[in-house]
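If you want the building blocks of each chain, they are given just below.
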Amino acid sequence: VVARVDCNTCTGTFTASGDTLAIGSTLACTRAACATAGFESAVLTLLSGEHQTASTLHNLTLSSSRGSMLLQR
């Protein structure tokens with residue numbers, strides 16, 4: 001998986017099975033000094049771990065006990 005969060009890019013492993021997506025517990029990220037480091041940390045916490053997924057043509061929703069994230073194409 002590759003994610004761009006503000007001014008940093010993160011990569012990691014994932015597995016998918018049915019409507020479950022598990023993103024590696026640790027993501028390797030570049031370490032640029034962004035003005036929004038708190039936002040980046042919150043996004044990475046939400047993104048890491050196991051999620052239930054729901055998708056449409058242009059949307060992917062990741063839901064877990066940590067919260068939900070809507071990704072749009």
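Above this text sits the structure in question.
Residues numbered from 1 in each chain as written. Predicted model: local features only at pLDDT ≥ 70, side-chain atom pairs only at ≥ 80, totals over all residues. Heavy atoms only, no water.

Any chance you could explain the sheet that holds strand 3 (residues 14–17) here in plain terms?
Strand pairing within a sheet occurs via backbone hydrogen bonds; the two strands may be parallel or antiparallel. Spatial ordering of the open sheet is given by 3-4-6-7-8, a layout of five strands whose pairing is antiparallel. Either end of the sheet is taken by a strand with one partner, and the two such strands are strand 3 and strand 8 (67–72). The mean inter-strand angle of the sheet, taken between neighbouring strand axes irrespective of direction, is 25°. With six bridges joining them, strand 7 (residues 59–64) and strand 8 adopt antiparallel strand pairing. Its bridge partner being in strand 8, N59 is matched across the sheet by Q72. In the packing of helix 1 (residues 37–47) onto the sheet, the strands contacted are strand 4 (20–23), strand 6 (49–55), strand 7 and strand 8, and the crossing angle to strand 8 comes to about 100°. (Pairing = 2+ DSSP bridges. Helix = DSSP H or I, 4+ residues; strand = E, 2+ residues; numbered from the N terminus. Axes fitted to C-alpha atoms, helices over the stretch in contact; angles between N-to-C directions. Contact = heavy atoms within 4.5 Å.)

I tried to follow the state of the cysteines on my own but got confused; where do I start?
Each disulfide consists of one covalent bond between the sulfur atoms belonging to two cysteines. With the rule as written, the count across this model stands at two disulfides. Across a sulfur-sulfur distance of 1.7 Å, C7 and C34 are joined as a disulfide pair. Across the disulfide from C7 to C34, rotation about the S-S bond amounts to roughly -105°, and the bridge is consequently left-handed. Here C7 is found in the loop between strand 1 (2–5) and strand 2 (8–11), whereas its partner C34 is found in the loop between strand 5 (28–29) and helix 1, with 27 residues between them in sequence. Look at C7 and you get partly exposed, because its relative accessible area is 29%. Each bonded cysteine of the chain is numbered by sequence order, and under that numbering the disulfide pairs are 1-4, 2-3. (Disulfide = S-S within 2.5 Å. Buried < 20%, exposed > 50% of the residue type's maximum accessible area, 1.4 Å probe, protein only.)

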